[in-house]
Amino acid sequence: MISTPIRRYGAAILMLLTTAFSGEVIAKTHAQTTSYKAHTSSHKHSKTLSSSKKVSSKTISSKKVSSKKVSSKLASSKQEYSRNSAKSSSLPDLRKYPSGTPRKKAFLRTVMPYITSQNAAITAERNWLVSKQYDNRWSPTERARLKDIAKRYKVSWSGNTRRIPWNTLLDRVDIIPDSMVATMAAAESGWGTSKLARSNNNLFGMKCAKGRCNNGPGTVKGYSQFDSVKESVSAYAANLNTHPAYASFRKSRAQLRKADQEVTASTMIHKLSGYSTQGQRYNNYLFAMYQDNQRLIAAHM
């Protein structure tokens, strides 16, 4: 019979061998599991990267399309602005506005910028003339500028800086009050709705001289035709400042200047003669119209 110590010794060796074998199996299993997880993780990461790249590529592509759309919209906007700018030089059809205040406001929004701009340019030239009146030094550039002003205002000048017709120049190179210009434009054009205003851009009922009418198709014959509202305003100012028929108007304005008094619409409307065959009745009509719309006109200056 095997003794008890030997049995115990054999059992211990068997337990050791079993434990070692189990540990090896567990280690292999762990290694395989780890390898599988790593492979799976790597495969998933690869898919994620690939998917991310695809999404990124799609996003970039989307951005490019979006950029093209924005660029296209900007180009379209610029073209539209260009077309609107071209149209804005002519008088818009103001008949689409309800008569009364809405139409008046639309008319004033259209014409007032040109009126104030015209008077600003006249004021700048007048101030320059005043500054040079007692200056004996004239550069070639200043001579050329004076010659240009004299020509535009139809003032005869020999070119001699010692014999400059200052009185005539300063009588003519002067403003017509903004409110007066706006009132006359509204009166003559029916707040921009008359056929003459719409077809000829003629806001002031100005006729053209015989042989000088370049009326195109669809325009009112016998009246001046202008390419823009700005041109119409400029021609009106030149007419009052140079035509012999309005010499008394210019003289009255010069007297106000010499008396150091302000040149206002309420004063100058009554000084206008020869503009209408209705005479003083026309002036009274203009003045009443100015008074009725004074605040509205002032709000757009």
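As a reminder, the structure under discussion sits directly above these lines.
Let me begin by describing the structure that accompanies this report. Starting from 1, residues in each chain are numbered consecutively following that chain's sequence as written. Residue-level local features of this predicted model are given only where pLDDT is at least 70; pairs of side-chain atoms are given and counted only at 80 or more, and the full residue set underlies all totals for whole chains, interfaces and linings. Heavy atoms throughout the structure, all of them, feed into the side-chain values; hydrogens and water do not.

Labels follow the DSSP assignment, with helices taken as runs of H or I lasting at least four residues and strands as runs of E lasting at least two, numbered in each case from the N terminus. For the protein chain, the helix and strand inventory stands at ten helices and zero strands. N-terminal to C-terminal, the α/β element order of the protein chain is α-α-α-α-α-α-α-α-α-α. The cut-offs for exposure are 20% and 50% of the maximum accessible area for each residue type, with area from a 1.4 Å probe on protein chains only; residues under the lower value are buried, those over the upper are exposed, and the others partly exposed. Among the 301 residues that make up the protein chain, the fraction classed as buried is 31%. Contact criterion: two residues are considered in contact whenever any of their non-hydrogen atoms come within 4.5 Å of each other. Once local pairs closer than 6 in sequence are excluded, the contacts in the protein chain between residues at least 24 apart make up 59%.

What follows deals with helix α3 (residues 140-152). Helix span is expected to be 1.5 Å times the residue number reduced by one. The terminal C-alpha atoms of α3, which comprises 13 residues, lie 19 Å apart, in line with the 18 Å expected from a rise of 1.5 Å per residue. Restricting attention to buried positions, one finds in α3 the residues L146, I149 and A150. Buried residues along α3 cover an arc of 100 degrees about the axis, so they all sit on one side. Exposed positions of α3 whose direction lies more than 90 degrees from the buried face are P140, T141, K147 and K151. Buried positions along α3 lie against α2 (101-132) and α4 (166-172). Count one or two residues on from α3 and you reach K154, which has phi positive near 55 degrees. Arc definition: directions from the helix axis to the C-beta atoms.

In this section: the packing of aromatic side chains. Put simply, two rings from Phe, Tyr or Trp (the six-membered ring, in Trp's case) pair if the centres are within 6.5 Å, and we call them stacked under 30 degrees between planes, edge-to-face over 60, tilted for the rest. The tally for this structure, following the rule as stated, stands at eight aromatic pairs. Seen from their ring centres, Y275 and Y282 are 6.2 Å apart, and the 15 degrees between their planes marks the pair as stacked. Taking the centre distance of 6.4 Å and the plane angle of 40 degrees together, the rings of F287 and Y290 count as tilted. Of this pair, F287 and Y290 both sit in helix α10 (residues 280-299), three residues apart, which is roughly one turn of the helix. The rings of F204, Y236, Y246, Y275 and Y282 are connected pair by pair, giving a single aromatic cluster. We note K132 situated over the ring of W138; from NZ or CZ to the ring centre the distance is 4.6 Å. We call a charge positioned above a ring when the Lys NZ or Arg CZ atom is no farther than 6 Å from the ring centre and deviates by at most 35 degrees from the ring normal.

The next subject is helix α5 (residues 178-189). For α5, with twelve residues, the first-to-last C-alpha span of 16 Å sits near the 16 Å given by 1.5 Å per residue. Counting buried positions over the twelve residues of α5 gives eleven, a clear majority of the element. Contacts from the buried residues of α5 go to α2, α6 (195-200), α7 (229-242), α8 (247-258), α9 (265-268) and α10. Two residues or fewer after α5 comes G190, characterised by a positive phi angle close to 60 degrees.

When two cysteine sulfur atoms lie within 2.5 Å, the pair is treated as a disulfide. Applying the stated criterion across every chain, the model contains one disulfide. Two residues share a disulfide in this structure: C208 and C213, whose sulfurs sit 1.7 Å from each other. Residues C208 and C213 are joined by a disulfide whose S-S torsion is about 100 degrees; by sign, that bridge is right-handed. On the basis of relative accessible area, C208 is assigned to the buried category, the value being 15%. For C213, a relative accessible area of 30% puts it in the partly exposed group.

Grouped together as the largest cluster of nonpolar side chains are 58 residues, with contacts concentrated most on M180, F204, Y236 and Y275. Of all the elements in the fold, those that place two or more residues in this core are α2, α3, α4, α5, α7, α8, α9 and α10. Broken down by element, this core gets its largest block of residues, nine residues, from α2. With near-sequence residues (within four places) excluded, Y275 lies in contact with M184, E188, F204, M206, Y236, L240, Y246 and Y282. As used in this record, nonpolar core signifies buried Ala, Val, Leu, Ile, Met, Phe, Trp, Tyr and Cys residues forming a set joined through side-chain atoms within 4.5 Å.

Right, let's talk about the packing of α5 against α10 for a bit. Note on definitions: angles span 0 to 180 degrees between N-to-C directions of axes, and those axes are lines fitted to C-alpha atoms, for helices only across the stretch in contact. Here α5 crosses α10 at 110 degrees, and the two axes come no closer than 9 Å. On the basis of their axis angle, the class for α5 and α10 is roughly perpendicular. α10 is crossed by α5, and the crossing has right-handed handedness. Mapping the contact onto sequence places S179, A182, T183, M184, A186, A187 and E188 in α5 and Y282, Y285, L286, M289, Y290 and I297 in α10. Orientation labels follow simple angle bins: below 35 degrees gives roughly parallel, above 145 gives roughly antiparallel, 65 to 115 gives roughly perpendicular, and whatever is left gives oblique. A clockwise turn of the near helix away from the far one marks a right-handed crossing, whereas an anticlockwise turn of less than a right angle marks a left-handed crossing.

Turning next to the packing of α7 against α8. Here α7 crosses α8 at 85 degrees, and the two axes come no closer than 7 Å. The angle between the axes of α7 and α8 places the two elements in the roughly perpendicular class. Across from N239, L240, N241 and T242 in α7, the residues of α8 making contact are F249, R250 and R253. Grouping the constituent residues of the contact of α7 with α8 by class yields two nonpolar, three polar and two charged. Under the scheme applied here, ten amino acids are nonpolar (Ala, Val, Leu, Ile, Met, Phe, Trp, Tyr, Cys and Pro), four are charged (Asp, Glu, Lys and Arg), and all others, including Gly, are polar.

Our focus in this paragraph is the pattern of salt bridges. One speaks of a salt bridge when a side-chain nitrogen belonging to Lys or Arg is within 4 Å of a carboxyl oxygen belonging to Asp or Glu. Throughout the structure, instances matching the rule amount to nine salt bridges. Linking R126 and D174 is a salt bridge whose minimum nitrogen-to-oxygen distance equals 3.7 Å. Of this pair, R126 sits in helix α2 while D174 sits in the loop between α4 and α5, and the two are 48 residues apart along the sequence. Across the pair, exposure class does not vary: R126 and D174 are buried alike. As a salt-bridge pair, R257 and D174 come within 2.7 Å of each other at their nearest N and O atoms. Of this pair, R257 sits in helix α8 while D174 sits in the loop between α4 and α5, and the two are 83 residues apart along the sequence. Residues participating in the shared-partner salt-bridge network are R126, D174, R253 and R257.

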